[in-house]
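Here are the chains, one letter per residue:
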Amino acid sequence: MKKKINILLIEDNEGDVELIKEAFSSDAARLEISVIDNGEDALLSLKSKDRVLPDLILLDINLPKVDGREVLHFVKNDDGLKKIPVVMLTTSSLQKDIEYSYNNYANCYIVKPGNLPDFIRTLKSIERFWLNCVTYLQNS
Amino acid sequence: MSGETLLDNPLSLKANYEALINGVDDLIWSVSNDFRLLTANNAFVEAVKIYTGITVKPGDNLIMRDIFPGDYLLSWEDAYHNAFKGGSFKKELYTPSISNRPESWTEINFNPIYKSGEIIAIACCSRDITEKKFKEELLIKSEARLAELQAVAKLGSWETDLLNYSVIWSAETFRIFELDRSRFKSSHPGFLEFVHPDDRAKVDKAFADSLGSTADNSIEHRIILSNGSIKWVDERWRISRNDQNKPVRAIGTCQDITERKNAEENLRASSVALQNTLNDLNKIMNSSLDAICVVDVNGYFKKVSAACEAVFGYKAEELIGRLIFDFVYPEDRHKTKMSAERVMTGDYTPNFTNRYVRKDGSLVYIEWSASWDANDKMRYGIARDVTYRKIAEAHLTELHESIRRQSEKLLQSNEELERFAYVASHDLQEPLRMVTSFLQLLKKKYDQQLDETAQKYINFAVDGANRMKTLILDLLEFSRISSLAVDHTVIDLTEVVKKTRMVLKSVIDESHAKINVSVLPKVCGNESQLLQLFQNLVSNAIKYRDLSIPEIEITYSETPQQWQFCVHDNGIGIDADYHDKIFIIFQRLHNKKDYSGTGIGLAICKKIVQLHGGNIWVESSKGKGSKFYFTISKFQTSAIDGSKLLCPGLAVDATKNHNEKEDQYIINRRQ
């Protein structure tokens, strides 16, 4: 059986978790989505020795305890982690958040679309691009 | 006795002659033309014997060359020769010291003796005039000395005969009057002609008074010389009287005192000037609002001006002699001492300020301007009461501080407000997104189970959430305009309108709107804001149309201060009651079924125009189209000091001589 693609979703909003899962539901068979609802636990998980490295990180910015900016900074400065694509998925459209993210090597910055059809389309696009195109090239 | 008898006797006649010529001290003799003695009296024989030791006899040659010097004999020979030529004369002859005899002067009469019309001999009579000669010589010498002394003293003398008022002046007097002897009338009236008319009465009175007085008299008066110049003279005289005590003569001196008078006058004038200056200085000193103080080397007040009472609260006499430090506010004494020492090194020390305790106990702030005079060892200080200024300064500082605090607060609350608006609109979107998304998810997943009413309700809910989202976005937009720090550059509005057409292309095409626009000027502003401004106004003009094809005209005019633009449409127009309301945020005039929108567009326009130093207003009436006017200032308000600056580049543009380089000029507008 083919190994499942591992997506790490760091998101504190349960509604968004539900919506994201819904968006990926058509591909649920080949995806494994782990959810961590705060930055601190996310860092602990990413630092642990028996960690399973995700193929893609979907990262919210405004998180309890440790926020998404710090998580991004850690990931992109860790030699073992920095190749993992990080997609910032947030409600913030603040210029400074966008600039911070790209300055810290986020691979993509997405403002969560306000209505369901757009939201689903956007996440499908992310999945297609980062998991089908980019991951494929990495593996080869 | 009968004379005729006596004269008839030749012997007695001879004896008579001999007695006559021998009875006088004068030497009498006669000489022949070969200078031999004919006859002589005893005095002559005696005199010759005294000189020569010889008893001279008739027939002896009188030119005794071996006894008398040649020069002396020559003058005798000359005299005899002259007498033989027929002269009868007197001659004064000097006889040098010979044979231990003293030198002498003699006066000799030479008279020829005729016989048959021919001169046969010379009769001589000699008299000793030595004493007279010496006296004359002494007189001449003393007169010369007198004249010289008069000249040295510039002191002339004069004498007036009071019987006929004739006048005798000394040479020096003539010199003083700078007058030639020949031109003087030699009379008292002649003298009076030279007296200065203003002094004439005085001179006359003094002279008249002196006639009745025995004392010495004097007067100083002016004379006018023939060349018109004026001299001062000092006349002193006394009156001589005869036996009957009648005044007969006035004798006096006349001294030229012009120099002294001039010197006196100069001295007087300069002392008057000095006094005037001192008076002026005193007046100035005492009318100064600042107290002027003179303080000695030990710090004692020596002199103070009248203002000291107003400044220090003490009268001058209460300060003079007191130590200046006693009046200084104790806290300021040390720095006052330091400053005083610096003054006494000769440093000019302006604007030193310290505090004094006034007589009533109040404090006064004094600003000093002080200098040090090393010669008289005095400090000269001007003390200005700057208490009001200090108080005003303190108030001003306080005021500044409170303004600063207020503006800080304002800035803080502004920032908070902006952050609040921003965060609120973001955070508000989050739950809205949840509402919308889950309603949609509900609809998607449970489509079959929901009836038509449930579907409709979901639609309403989603629509409401969407509208709320739009409102929030608009609010966000609005708050972003005011919070954005923007650079102002020179913007070509013609280009802005071109871009507006592009952005609104679909709406324009769909409505077949016509936009007429002349060439618009370049202004100073923010491009994206100005684009939004035109976009909102043009899209409104198209949106609020009636059934006819929209026609929009954009025009402008200018004043030295600002540009004024007009966007004129042929749309539905606005009732006058709403002309102000339309610029208020979220104010809508129309049902959203007829005209969509949240009512943010014109509020944003107003904000943009205000950020460009202008105003926006509308002229319209229902059904007659609208004219939206707005202005853009040609000046920028400096963020640093609030002054108005002409936008760079526009000054050149205003004279229709535009330089492209000016466009590069960017004004950084801080907020």
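For clarity, every value in this text was computed on a predicted model and none was experimentally measured.

**What to know about the overall build of chain B**
Thinking step 1. Scanning chain B from terminus to terminus reveals 19 helices and 24 strands.
Thinking step 2. In summary, chain B has a C-alpha radius of gyration of 66 Å against a globular reference of 26 Å for 671 residues, an excess of more than 25%.
Thinking step 3. In terms of principal-axis extent, the alpha carbons of chain B reach across some 220 × 65 × 55 Å.
Thinking step 4. A burial count over chain B gives 36% of its 671 residues as buried.
Thinking step 5. Long-range pairs, those at least 24 residues apart, make up 51% of the contacts in chain B with a sequence separation of at least 6.
Thinking step 6. Only carbon and sulfur atoms are counted for the fraction: they give 54% of the accessible area of chain B, which is about 39900 Å².
Thinking step 7. Of note, chain B has its 86 positive side-chain charges centred 7 Å away from the centre of its 93 negative side-chain charges.

**Brief notes about the side chain of His188 of chain B**
Thinking step 1. Locating His188 of chain B in the fold gives a position in helix H7 (residues 188-192).
Thinking step 2. Aside from chain neighbours lying at most four places away, what touches His188 of chain B is Thr160, Tyr165, Val167 and Phe207 of chain B.

**Things to note about helix H1 (residues 14-23) of chain A**
Along an α-helix, residues three or four apart share an orientation, since each turn contains 3.6 residues.
Thinking step 1. Of all ten residues in H1 of chain A, seven are buried, a share of seventy percent or more.
Thinking step 2. Sitting at the head of H1 of chain A, Asn13 of chain A places a side-chain oxygen 2.9 Å from the backbone nitrogen of Gly15 of chain A.

**Some details on the nonpolar core**
All names here are of chain B.
Thinking step 1. One finds Leu493, Leu537, Ile554, Phe628 and Phe630 to be the most contacted residues of the largest nonpolar core, which totals 41 residues.
Thinking step 2. The set of elements that each furnish at least two residues to this core consists of helix H14 (452-483), helix H15 (493-503), helix H17 (527-543), strand S19 (551-558), strand S20 (562-569), helix H18 (601-611), strand S21 (616-620) and strand S22 (626-633).
Thinking step 3. Counting residues per element, this core draws most heavily on H17, at eight residues.
Thinking step 4. Membership of the second largest hydrophobic core comes to 30 residues, among which are Ile63, Trp76, Ala79 and Cys124.

**Here we look at the side chain of Arg433 of chain B**
Thinking step 1. Within the secondary structure, Arg433 of chain B sits in helix H13 (residues 387-445).
Thinking step 2. In terms of polar contacts, Arg433 of chain B uses its side chain to reach the side chain of Glu430 of chain B, at 2.9 Å.

**Quick look at the UniProt feature "modified residue: 4-aspartylphosphate" (unreviewed entry) in chain A**
All names here are of chain A.
Thinking step 1. In this structure's numbering, the residues bearing the UniProt feature "modified residue: 4-aspartylphosphate" (unreviewed entry) are Asp60.
Thinking step 2. By secondary structure assignment, the location of Asp60 is in the loop between strand S3 (56-59) and helix H3 (68-76).
Thinking step 3. In this view, Asp60 contacts Ile10, Glu11, Asp12, Gly68, Leu89, Thr90 and Lys112; residues no more than four positions away in its chain are not counted.

Basis of the calculations
- Residues numbered from 1 in each chain as written.
- Chains lettered and ligands numbered in written order.
- Predicted model: local features only at pLDDT ≥ 70, side-chain atom pairs only at ≥ 80, totals over all residues.
- Heavy atoms only, no water.
- Helix = DSSP H or I, 4+ residues; strand = E, 2+ residues; numbered from the N terminus.
- Rg over C-alpha atoms; globule rule 2.2 N^0.38 Å.
- Buried < 20%, exposed > 50% of the residue type's maximum accessible area, 1.4 Å probe, protein only.
- Contact = heavy atoms within 4.5 Å.
- Areas by Shrake-Rupley, 256 points an atom, 1.4 Å probe, with all protein chains shown as cover.
- Lys, Arg positive; Asp, Glu negative; His and termini not counted.
- Charge placed at Lys NZ, Arg CZ, Asp CG, Glu CD.
- Polar contact = N/O pair within 3.5 Å; in protein donor to acceptor, adjacent residues only side chain to side chain.
- Core = buried A, V, L, I, M, F, W, Y, C linked by side-chain atoms within 4.5 Å.
- UniProt positions renumbered as here; feature names shortened; annotations may be inferred.

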